[in-house]
Amino acid sequence: MTPRPPSSGPDPKKTAEEKSAPKKAAAPQKKAVAKKTTAKKAVPKPAAPTQAAAKKAVPEQAAAKKAAKKAVPKQAAAKKAGAKKVATPRKAVTPGKAAAKKAPAKKTLAGKPPAVTSPERTAPVGAAASPALGAGDRERLLNGTHHDPHCVLGAHPVPGGVAVRAFRPYARAVAVVAGELRAELHDDGDGFFSGLLPLDEVPAYRLLVAYEQTVQETEDPYRFLPTLGDLDLHLIGEGRHEQLWRALGAEPMTHQGVTGTRFTVWAPNARGVRVAGGFNFWDGTGHPMRSLGATGVWELFLPGIGAGELYKFEITRPDGSRTLRADPLARRTEEPPRTSSIVHSSHYEWGDEEWLARRADTPAHEAPLSVYEVHLPSWRPGLTYRQLAEELPAYVRDLGFTHVELMPVAEHPFGGSWGYQVTGFYAPTARLGTPDDFKYLVDRLHRAGIGVLMDWVPAHFPRDDWALAEFDGRPLYEHADPLRAAHPDWGTLEFDFGRREVRNFLVANAVYWCEEFHIDGLRVDAVASMLYLDYSREPGQWTPNEHGGRENLDAVAFLQEMNATVYRRVPGVVTIAEESTAWDGVTRATHHEGPSGFGGLGFGLKWNMGWMHDSLQYMSHEPVHRKYHHHEMTFSMVYAYSENYVLPISHDEVVHGKRSLVSKMPGDWWQQRADHRAYLGFMWAHPGKQLLFMGQEFAQGAEWSEAHGPDWWLLDPEYGAAADHRGVRDLVRDLNAVYRATPALWQRDTDPSGFEWVVGDAADDNVFAFLRYAADGAPVLAVSHFSPVVRADYRLGVPDDVPAWHEVLNTDAVRYGGSGVSNPDPVKPEPQGWHGRPASIRLTLPPLATLWLRPA
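Residues numbered from 1 in each chain as written. Predicted model: local features only at pLDDT ≥ 70, side-chain atom pairs only at ≥ 80, totals over all residues. Heavy atoms only, no water.

Visitor: I keep staring at helix H16 (residues 609-619) and nothing clicks. Help me out?
Guide: Along an α-helix, residues three or four positions apart point the same way, because every turn accommodates 3.6 residues. Within H16, eight of the 11 residues are buried, which leaves the element mostly enclosed by the surrounding structure. Check the buried side of H16 and you find it contacts strand S27 (605-607), helix H17 (631-634), strand S28 (645-649), helix H18 (669-685) and strand S31 (767-773). (Buried < 20%, exposed > 50% of the residue type's maximum accessible area, 1.4 Å probe, protein only. Helix = DSSP H or I, 4+ residues; strand = E, 2+ residues; numbered from the N terminus. Contact = heavy atoms within 4.5 Å.)

Visitor: It is not clear to me how the packing of aromatic side chains should be interpreted in this structure. Could you clarify?
Guide: How two aromatic rings sit relative to each other is given by the distance of their centres and the angle of their planes. This structure, assessed with the given rule, holds 49 aromatic pairs. Ring plane angle 50° and centroid distance 4.7 Å describe the contact between Phe-461 and Phe-495, whose orientation is recorded as tilted. Placement of the pair is Phe-461 in strand S23 (residues 460-461) and Phe-495 in the loop between strand S24 (493-494) and helix H13 (500-516), with a sequence separation of 34 residues. On the basis of relative accessibility, which here comes to 2%, the residue Phe-495 falls in the buried class. The ring of Tyr-440 has Arg-386 lying over it, and the distance from NZ or CZ to the ring centre is 4.4 Å. One Lys or Arg, Arg-795, reaches over the ring of Trp-834 and ends 5.6 Å from the middle of that ring. (Phe/Tyr/Trp six-rings, centres within 6.5 Å; stacked < 30°, edge-to-face > 60°. Lys NZ or Arg CZ within 6 Å of the ring centre and 35° of its normal.)

Visitor: Would you mind showing me how to read the packing of helix H7 (residues 230-238) against H13 here?
Guide: The relative placement of two packed helices is expressed as an angle between their axes plus a distance between the axes. Put simply, H7 and H13 touch, their axes get as near as 7 Å, and they point 110° apart. In terms of axis orientation, H7 runs roughly perpendicular to H13. Mapping the contact onto sequence places Leu-235, Ile-236, Gly-237 and Glu-238 in H7 and Arg-500, Glu-501 and Asn-504 in H13. Residues belonging to the contact of H7 with H13 are distributed by class as follows: two nonpolar, two polar and three charged. (Axes fitted to C-alpha atoms, helices over the stretch in contact; angles between N-to-C directions. Parallel < 35°, antiparallel > 145°, perpendicular 65-115°, else oblique. Nonpolar A, V, L, I, M, F, W, Y, C, P; charged D, E, K, R; others polar.)

Visitor: So what exactly am I meant to see when it comes to the sheet that holds strand S7 (residues 192-197) here?
Guide: Sheet strands pair by backbone hydrogen bonding; their relative direction is either parallel or antiparallel. Sheet architecture is open: four strands sit in the order S2-S3-S7-S6, paired in antiparallel fashion. Two strands in the sheet have a free side with no partner beyond their single neighbour: strand S2 (154-158) and strand S6 (186-189). With direction set aside, neighbouring strand axes in the sheet form an average angle of 25°. Contacting strand S3 (161-167), S6 and S7, helix H6 (residues 135-143) crosses the sheet at an angle of about 140° to S7. (Pairing = 2+ DSSP bridges.)

Visitor: Can you help me understand the side chain of Asp-734 in this one?
Guide: Inspection of the secondary structure assignment puts Asp-734 in helix H19 (residues 722-740). In this structure Asp-734 comes out as buried when scored by relative accessible area, which is 17%. A polar side-chain atom of Asp-734 sits 2.5 Å from a polar atom in the side chain of Tyr-816. Look past the residues within four positions of Asp-734 in its chain and what remains in contact with it is Leu-809, Arg-815 and Tyr-816. (Polar contact = N/O pair within 3.5 Å; in protein donor to acceptor, adjacent residues only side chain to side chain.)

Visitor: Teacher, can you tell me more about helix H11 (residues 435-447) here?
Guide: Between the first and last C-alpha of H11 there are 18 Å, a value that for 13 residues agrees with the 18 Å anticipated at 1.5 Å per step. Where burial is concerned, most of H11 is hidden: 11 out of the 13 residues are buried. Every buried residue of H11 is accounted for by Pro-435, Asp-436, Asp-437, Phe-438, Lys-439, Tyr-440, Leu-441, Val-442, Asp-443, Leu-445 and His-446. Positive phi appears at Gly-449, one or two residues downstream of H11, with a value of about 80°. (Expected span 1.5 Å × (residues − 1).)

Visitor: Hey, could you run me through the nonpolar core in this one?
Guide: In summary, soluble globular proteins display a tendency toward joint burial of nonpolar side chains. Within the largest apolar cluster, 177 residues are counted, with the highest numbers of intra-cluster contacts made by Phe-263, Leu-376, Phe-438 and Trp-513. At 10 residues, the largest contribution of residues to this core is made by H13. Trp-513 has contacts with Val-409, Ala-410, Phe-425, Tyr-426, Ala-427, Pro-428, Phe-438, Met-454, Trp-456, His-518, Ile-519 and Leu-522, leaving out every residue within four places of it along the chain. Listed in part, the 21 residues of the second largest apolar core include Val-758, Val-798, Leu-851 and Leu-853. (Core = buried A, V, L, I, M, F, W, Y, C linked by side-chain atoms within 4.5 Å.)

Visitor: Mind showing me how you'd approach the sheet that holds S31 here?
Guide: If you trace the five strands from one edge of the open sheet to the other, you get S30-S31-S32-S36-S34, paired in antiparallel fashion. Edge positions in the sheet fall to strand S30 (755-762) and strand S34 (805-810), since each of these pairs with one other strand and no more. The sheet shows a mean angle of 20° between the axes of neighbouring strands, direction not considered. Pairing of S34 with strand S36 (residues 849-855) involves five bridges; the strand directions are antiparallel. Each bridged residue has a counterpart across the sheet, and for His-806 the counterpart in S36 is Arg-854. Sheet strands in contact with H18 are S31, strand S32 (779-785) and S36, and its direction is about 40° off that of S36.

Visitor: Is there a simple way to explain the packing of helix H10 (residues 385-399) against H11 in this structure?
Guide: Two numbers describe how H10 lies on H11: the axes approach to 8 Å, and their chain directions differ by 10°. Taken together, the axes of H10 and H11 are roughly parallel relative to one another. Only Asp-436, Asp-437, Phe-438, Tyr-440, Leu-441, Arg-444 and Leu-445 of H11 make contact with H10, whose side of the interface consists of Tyr-385, Arg-386, Leu-388, Ala-389, Glu-390, Leu-392 and Pro-393. Here the contact of H10 with H11 is composed, by residue class, of nine nonpolar, no polar and five charged.

Visitor: How should the environment of Val-570 be read in this particular structure?
Guide: When you line up the elements, Val-570 lands in the loop between helix H15 (553-569) and strand S26 (574-577). By relative accessible area, Val-570 is classed as buried at 5%. Taking the C-alpha atoms as reference points, Val-570 and Gly-521, 49 residues apart in sequence, are found 9.9 Å from one another.

Pasting the structure below:
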């Protein structure tokens, strides 16, 4: 809003007369009624917001009238010379009568305002000090540029008593209430009120504020000490506050015996910060915050404000302009497109103690891990977090997945970004419910035995002018160098990973989701774009690092710190990198230096983007041409143990014209489904963990759309081809069941001794066969045949210490929609050597199918 014109201060002539005129003593027989000295303002108060605020301040008009009758009391005789107000027993007259007794109005706008200095600094000892604000403080408070309003507002000891000052725009009168004592403050104009109490020390007091039609009795926000201690401020300044959300943001609390909400925000470039919200009709004028020193943190405790209140921070930029910003650490937000932050206090009681107690028993890379990737808003469109909690855990458990991976749930303004352009890093999206509702969903998944991974987006953020972009008027969360700040692919801004407070914001955010929401792992999005200074940039559009290289050293340090902190604080979680390059040591420990000279990034797992790209490329070819692309299925084993891998068939592979998984396959509908099933069998047997995006588990033919989600109608028994889709889903269920029951398929995923090729060069036959071994040596034989013909008596070399093999899974089974070609009886090895092994077996290979065999 436009700042009000500054008042010219108290009338100099009247002030001199007041100081020189002797005070009359009270008669000992009876109390004298002191004449009011409160002056009317020379200009009317702002009309529309004033009346709106006054009419809404107290909903019960009867209560307002009753309170108004007590606004101004009788005053006792003055006992100290120079006191402008005298505390009296708690009896009052109405604000209207008080106004009628006011002295003639002062001239507040004529000429230049006279200079008024702070009485605490200039009043001589023993003399009565004027409590009115100096012109400088007054102007800065009106303009929203005061760095320490608590030093001039509230109650302060001064020579002659206790000066009380209040800044209450739109108020008609303000009185101080201290126990049985009460004193009306002088109206200094522009919403400022002041008075001098003849007391030796600051009392516990409240303010009685009279508006046009109502009266409120309230605590004075400017009588409270800071809510943040030295340790919090030190850790924030060092960029090491690992629970930053407990220090910044809006926190309902009891402070100095009073309930309210503490508001804190980091805005080091701001000239001033004020809190605006529904509780002050979005006019932050009367609620300026104080700066807590060099940390750049601003703070204000507002009594009586609790959970559910809407708020933002009104920031005065270095150039004097103002901006209204959502809280970067808001724990709850309005549902988009609305953008306000909401004061939040969690009352959720968890029931997943058993899950948490055992999740750290086995490291993720040595445990079974098959992931169902979900976009919550579209999995079952229209369902809330709590409604999803009734369906999603049961569905995922039935299919046998060990984990779900939720596409970003942090608040984002544009649904079409799928959550990857975050504005509320600490708030689950309000589209589906409250933060406690989201906790309920996580809890129910845990109780169903399902881990919860979450996509996390620390690489960039959107440019919305109510969010993080130039938050306090200058680049703050983004890099100051425009070439380093602008993300070339998405039109967003990149975080300044070299700034310790920004690193702290992100590291604490990773910890926040794991500690507060019991998230079991973070899949970190777009890691490659963070690691390279020249990512998607042409020569001349980027600046080399201090060593002349292309590596973003700040981002490397950030990722190392994030991983080390999360693993230290939350045992049992896993971090997963979406990293598409050959960066050395993504899943190596941070303290182990590699050939590149860098320590490892410290991730637990990494998406194997190379395997995904190569294998899908192979599957897209007609079978007759696949022999020319055989290496695309075998090359992954060249580097399979360089990192701890996840094999991802994610949302990125089934949108934007890439077609769904089954639609990538060549041939007619039968061949497409057969290829789809055979590919999943190959994927589940290959070293690495598995991830499958929703809809692909039942061979959805259409690309995914966030507008309507998976085509569940394909599974409706009334649909003619439902059996085809149900068969694929039955296969996924069986793949997960056999996988989890077979340690050879997951126990040594990151150990080269857990894998052996049987035949990797049968390009003419489109056959791939390999052995997987458990820690105790128990083997599994996987054979994938990507040709649409039946191959009888196909000979494969096998170990000679297994007496017989039997099929435990065949993707060509009739129940999955296949042709039913199988090896129903145990297959015994023959002493004929083959493929460099002393024994061999003869199998019938079904068309476009994968077989798994175990020792009989």
